[in-house]
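Here is what each chain is made of, one letter per residue.
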Amino acid sequence: MKLPLNISDFGLIRRENYLYVDKTRYIEELEEAGRYLFFIRPRRFGKSLFLSMLDHYYDINRSTEFEELFGDLYIGKKPTETKNSYLIWKLNFSALDTSTSDGLKESFDERILDSLILFFKHYQEIFPNKNDIIYELKSASSTRKLGILFTEVAEIGYKVYVIIDEYDHFANDIIAMGDGEFYRGIIRASGFVRDFYEALKIGTQGIIDRIFITGITPIMLDDMTSGFNITSNITMLETVNEMLGFTHREVERILDNFFEVGDREKILIELKKYYNGYSFNKKVTERLFNPNMVLYFFKEMQLTGEYPEKLIDDNVKMDYGRLNRLISNKANQHTLEAIIKEEKIVANVVSKFSFDQMYDEEYFVSLLFYLGLLTIDKKIRTRLFLKIPNFVIKTIFWETFDRKLRERYQLKLSVNELHEAIEMIAYDGELEVYFEFINNNILQVLSNRDLIQFDEKYLKMILVTYLSLANVYKISSEREVEGGYIDILLEKDIRYPDVKYEWLWELKYLKKSERNQLGRIKKEGLAQLKRYAESDKFNDKENLKKALIIFIGKDEYEILTL
């Protein structure tokens, strides 16, 4: 069995014996949920493959393929009455020209035209006059094109299922550029995007029987509510929480197919730390794995026989690059730093918000949730806690924080010196060089604004950020053990099995005016370290070192090791 990394064609996957994690039971859930559905998930979370599965299931032209494609799957054994009963019109609005308004309109129109040409060619036996229809489409406006579609379908008596992927891709690019006027122009009452969706709504009066729309944010749909107010947003429904992404059990089944018994448990532990943690409903307890990242991990192991050197595909990492653009304003920067410091935030996930609200904290945090950078942790009474889902996403936050510090202070850090300092921690058990590097290159250049918020957590955020850049350790902050919460835990990363030392760090911060408390702080800190080290979780650690690091202001520090 082959791994379908970056393959989203359901038919190809099924015919050529690629791994397929069966999500077909959710067809029943969707039919129960409504006819016009809107569903959001982060990038690379399996949306396109799921839409391709819907296409193959409902397409009237694929009825002879049903047994081959679905026979051994859930829905093949329990098909609904609507199987193979629709004409499928597929649209994908990614990769449009967003350089100018005219360029976007032209590429938007071309995408609609191309999709309709494919539609009529695919159903040419139903539309024997397809060449005349295509000729007419080429000279028609976007809304007129939809009118032609509706007229032709009405004459033959069939119904259409509209599937729209990446509905918001071009809008997110414009938003990331910060061009509010450009964005408003495409969705205002006379904007061509709004015109398209208003025409689509008209088609639901007898021609379009079902619509399924996916994307990564609700922003554009909310801004067009008055013109397209027919969809049900099922993004956070409990019944579809596991519709995309891999569950723990599904990952175990994949492991059964590809790895020996002795390796499975070890690999699963690593996968949980790196790629697990997603939840899109406040009631569920099942945490989901990012499917693309899991398949990437397995694919790299297949190719090399070793754990992947990089934990995330470069193409996927680029998808998160928009985070850097979204924190161009100070308010969002402060919110981001607060999230990194606390590794969580209390906020409600807003299901609808517009472009003009995006820089308010509540809406910005919701945007991070939809992008997959935050996920639901738990609800306590009236408060909803969001957290960073896993280690890989933490590294993206840390890299973003590093980038902002470098931009703010024009830092010119020697990557070689930083890596050498971290290697001394890992292979020689020496901390001094790393802390000298941090002190001289970062702490000494902090502004007065930074010093106002400088505390133990801000210090920890800086230390962890620059430790992460070398990829030597798996870093945990506030790891819970029997004796409390460890400030920083540095564990071996599977990619560097020759690392000798693992570490427990306890951080303390005193203002210069609090120097007289140093003796007490040392005593308490060393006692905490001893208590943490006695945890059962560290019984198998052969070279676990412990260090108490005390900072007095930003200029002085002292390191005590056990």
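Cut-offs used in this document
Residues numbered from 1 in each chain as written. Predicted model: local features only at pLDDT ≥ 70, side-chain atom pairs only at ≥ 80, totals over all residues. Heavy atoms only, no water. Helix = DSSP H or I, 4+ residues; strand = E, 2+ residues; numbered from the N terminus. Rg over C-alpha atoms; globule rule 2.2 N^0.38 Å. Buried < 20%, exposed > 50% of the residue type's maximum accessible area, 1.4 Å probe, protein only. Phe/Tyr/Trp six-rings, centres within 6.5 Å; stacked < 30°, edge-to-face > 60°. Lys NZ or Arg CZ within 6 Å of the ring centre and 35° of its normal. Contact = heavy atoms within 4.5 Å. Axes fitted to C-alpha atoms, helices over the stretch in contact; angles between N-to-C directions. Parallel < 35°, antiparallel > 145°, perpendicular 65-115°, else oblique. Left-handed = near helix turned anticlockwise from the far one by under 90°. Nonpolar A, V, L, I, M, F, W, Y, C, P; charged D, E, K, R; others polar. Pairing = 2+ DSSP bridges. Salt bridge = Lys/Arg side-chain N within 4 Å of Asp/Glu carboxyl O. Patch = residues over 30% accessible without salt bridge, like charges linked within 9 Å, V, L, I, M, F, W, Y side chains within 5 Å. Areas by Shrake-Rupley, 256 points an atom, 1.4 Å probe, with all protein chains shown as cover. Lys, Arg positive; Asp, Glu negative; His and termini not counted. Charge placed at Lys NZ, Arg CZ, Asp CG, Glu CD. Core = buried A, V, L, I, M, F, W, Y, C linked by side-chain atoms within 4.5 Å.

### Considering the overall build of the protein chain
When helices and strands are tallied, the protein chain shows 25 helices and 13 strands. A compact globule built from 562 residues would reach a C-alpha radius of gyration of about 24 Å, and the protein chain, at 27 Å, matches this within 12%. In terms of its C-alpha atoms, the protein chain occupies a principal-axis envelope of roughly 90 × 55 × 45 Å. Counting only residues that meet the buried cut, the protein chain has 57% of its 562 residues in that class.

### Notes on the packing of aromatic side chains
Under the criterion given, the structure shown has 43 aromatic pairs. With a centroid separation of 5.3 Å and an interplanar angle of 90°, the aromatic rings of F38 and Y167 are classed as edge-to-face. Of the two residues, F38 sits in strand 1 (residues 36-40) while Y167 sits in the loop between strand 3 (160-165) and helix 9 (169-177), which places them 129 residues apart along the sequence. We classify Y167 as buried; its relative accessible area is 0%. Ring centres of F108 and F170 lie 5.9 Å apart, and the angle between their planes is 75°; on these two criteria the pair is classed as edge-to-face. One end of the pair, F108, is in helix 6 (residues 101-122); the other, F170, is in helix 9, and 62 residues separate them in sequence. Both residues of the pair, F108 and F170, belong to the buried class. These aromatic residues form a ring-pair network of at least three members: F10, Y20, Y57, Y58, F66, F70, Y86 and Y161. The ring of F280 is capped by R41, whose NZ or CZ atom sits 3.8 Å from the centre of that ring. Above the ring of F385, the side-chain terminus of K378 is found at 5.6 Å from the ring centroid.

### Overview of helix 22 (residues 432-441)
Turning to helix 22, its buried residues are Y434, F435, F437, I438 and N439. For helix 22, the secondary structure elements touched by its buried residues are helix 21 (415-428), helix 24 (456-468), strand 11 (502-510), strand 12 (544-552) and strand 13 (556-561).

### Some thoughts on the packing of helix 18 (residues 330-342) against helix 19 (residues 361-370)
In the contact formed by helix 18 and helix 19, the axes pass within 10 Å of each other and the chain directions differ by 60°. When the axis of helix 18 is compared with that of helix 19, the two are oblique. Along this stretch, helix 18 crosses helix 19, giving a crossing that reads as right-handed. Residues N332, T335 and I339 of helix 18 form the contact with helix 19, whose participating residues are E361, F364, V365 and L368. When the residues that make up the contact of helix 18 with helix 19 are grouped by side-chain class, the tally is four nonpolar, two polar and one charged.

### Some words on the pairing of strand 8 (residues 383-387)
Note: strand 6 (residues 344-346) against strand 8, three bridges, orientation antiparallel. Paired with K344 across the bridge in strand 8 is K387. Here five bridges tie strand 7 (residues 375-380) to strand 8, and the two strands are oriented antiparallel to one another. Bridge pairing in strand 8 places I380 opposite R383.

### Some points on the pattern of salt bridges
Enumeration according to the criterion identifies 31 salt bridges in this entry. Close ionic contact of R264 with D256 constitutes a salt bridge, the shortest N to O distance being 3.1 Å. The exposure class of R264 is partly exposed, given its relative accessible area of 23%. Within the structure, one salt-bridge network assembled from shared partners comprises R15, D55, D59, R62, E65, E68 and K90.

### A look at unusual backbone geometry
If you check the backbone angles, E343 has positive phi at about 60° while not being a glycine. Relative to the helices and strands, E343 resides in the loop between helix 18 and strand 6. Phi at Q410 is positive, roughly 50°, even though this residue is not glycine. Among the residues examined, Q410 registers a relative accessible area of 56% and is labelled exposed.

### Digging into a positive patch on the surface
A grouping of K344, K378, R381 and R383 is seen on the molecular surface, where their side chains present a positively charged patch. Among the structural elements, K344 can be located in strand 6.

### Quick look at the sheet that holds strand 10 (residues 484-492)
On the basis of which strands lie adjacent, the open sheet formed by five strands has the order 9-10-11-12-13 and mixed pairing. Across the chains shown, the open sheet's two edge strands, defined by having one partner strand only, are strand 9 (473-481) and strand 13. The mean angle between the axes of side-by-side strands here comes to 25°, regardless of whether they run parallel or antiparallel.

### Structural notes on the nonpolar core
The biggest cluster of nonpolar side chains holds 191 residues, and the ones touching the most others in it are W89, Y197, Y434 and W505. In terms of residues, this core owes the most to one element, helix 20 (residues 391-409), which gives nine residues. Here W505 is in contact with I425, L431, Y434, F435, L467, I486, D487, I488, L490, L529, A547 and I549, once residues within four sequence places are set aside.

### A word on the sheet that holds strand 7
Taking strand neighbours across the sheet as the criterion, the three strands line up as 6-8-7 in an open arrangement whose pairing is antiparallel. Every other strand in the sheet has two partners, leaving strand 6 and strand 7 as the edge strands with one partner each. Strand after strand, the sheet turns through a mean of 25° between neighbouring axes, direction not considered.

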